[in-house]
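Structural features, examined
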Amino acid sequence: MKKIVWWLSLAVVATLFAVGPAVRADERERNMMERMERLEQHVKQLTGAMEHEKHQRMERPEGPRGPMPPRPRMEGPRPPMPTPPPVCPAPSSGAMRCLRCAGRVLLAVLAVLHILLTVWVYGDVQKRGIPGRAIFIVLVLLGGIPMSILYALVRIGDRCGEKPS
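Residues numbered from 1 in each chain as written. Predicted model: local features only at pLDDT ≥ 70, side-chain atom pairs only at ≥ 80, totals over all residues. Heavy atoms only, no water.

It is worth spelling out a nonpolar patch on the surface at this point. Together, Leu 106, Leu 110, Leu 113, Ile 145, Ile 149, Leu 153 and Ile 156 line one region of the surface with nonpolar side chains, adding up to about 630 Å² of accessible area. Going through the elements one at a time, helix 2 (93-128) and helix 4 (145-161) are the ones with two or more residues in the nonpolar patch. Looking at the nonpolar patch, the element that brings in the most residues is helix 4, giving four residues. (Patch = residues over 30% accessible without salt bridge, like charges linked within 9 Å, V, L, I, M, F, W, Y side chains within 5 Å. Areas by Shrake-Rupley, 256 points an atom, 1.4 Å probe, with all protein chains shown as cover. Salt bridge = Lys/Arg side-chain N within 4 Å of Asp/Glu carboxyl O. Helix = DSSP H or I, 4+ residues; strand = E, 2+ residues; numbered from the N terminus.)

Structure follows, in structure tokens:
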């Protein structure tokens, strides 16, 4: 029974790490290529517009306006510059990837811990031979760590009630 549970938990962890990132990596790569192509097109458009504007300026004669007059200087203290609103920096893609990876690792550890606690309760119930305690197997499987603590407390209470022989 223990070998089956170990192999099952190993399969769950391998599935969590192997299947998800491979599919997303291909999508990210495809999205990056599309973004690079759009960026190159946008740069070409901007370069063309700048060249066109440069040629128009060179062909346009300077009008009757002449050179611009000098700007008048301000007297007295300058007014304070308004401060920009605080900007919350968005997390970088590297930080987001790290958080996702840490979340997956935490999820895998909790899944393995959950399965191991259920196996421990099952083995303890079988060792004691008390059929009424089988409900704790289901509770620990559904409730995880809090239910395993509850089972341990009930088990300690049973030991205190036993009479020494």
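Let's shift gears to helix 2. Taking 1.5 Å of rise per residue, 36 residues should cover 52 Å, and helix 2 covers 53 Å from first to last C-alpha, within 8% of that figure. Taken together, the buried positions of helix 2 are occupied by Ala 108, Leu 117, Thr 118, Val 121, Asp 124 and Val 125. Directly beyond the C-terminal end of helix 2, a positive phi value near 70° is found at Gly 129. (Expected span 1.5 Å × (residues − 1). Buried < 20%, exposed > 50% of the residue type's maximum accessible area, 1.4 Å probe, protein only.)

Core analysis: the largest hydrophobic core is formed by seven residues, namely Leu 117, Val 121, Val 125, Phe 136, Ile 137, Val 140 and Tyr 151. Counting residues per element, the ones that place at least two in this core are helix 2 and helix 3 (134-143). Dropping the residues within four chain positions of it, Tyr 151 is found in contact with Trp 120, Val 121, Asp 124, Val 125, Arg 128 and Phe 136. (Core = buried A, V, L, I, M, F, W, Y, C linked by side-chain atoms within 4.5 Å. Contact = heavy atoms within 4.5 Å.)

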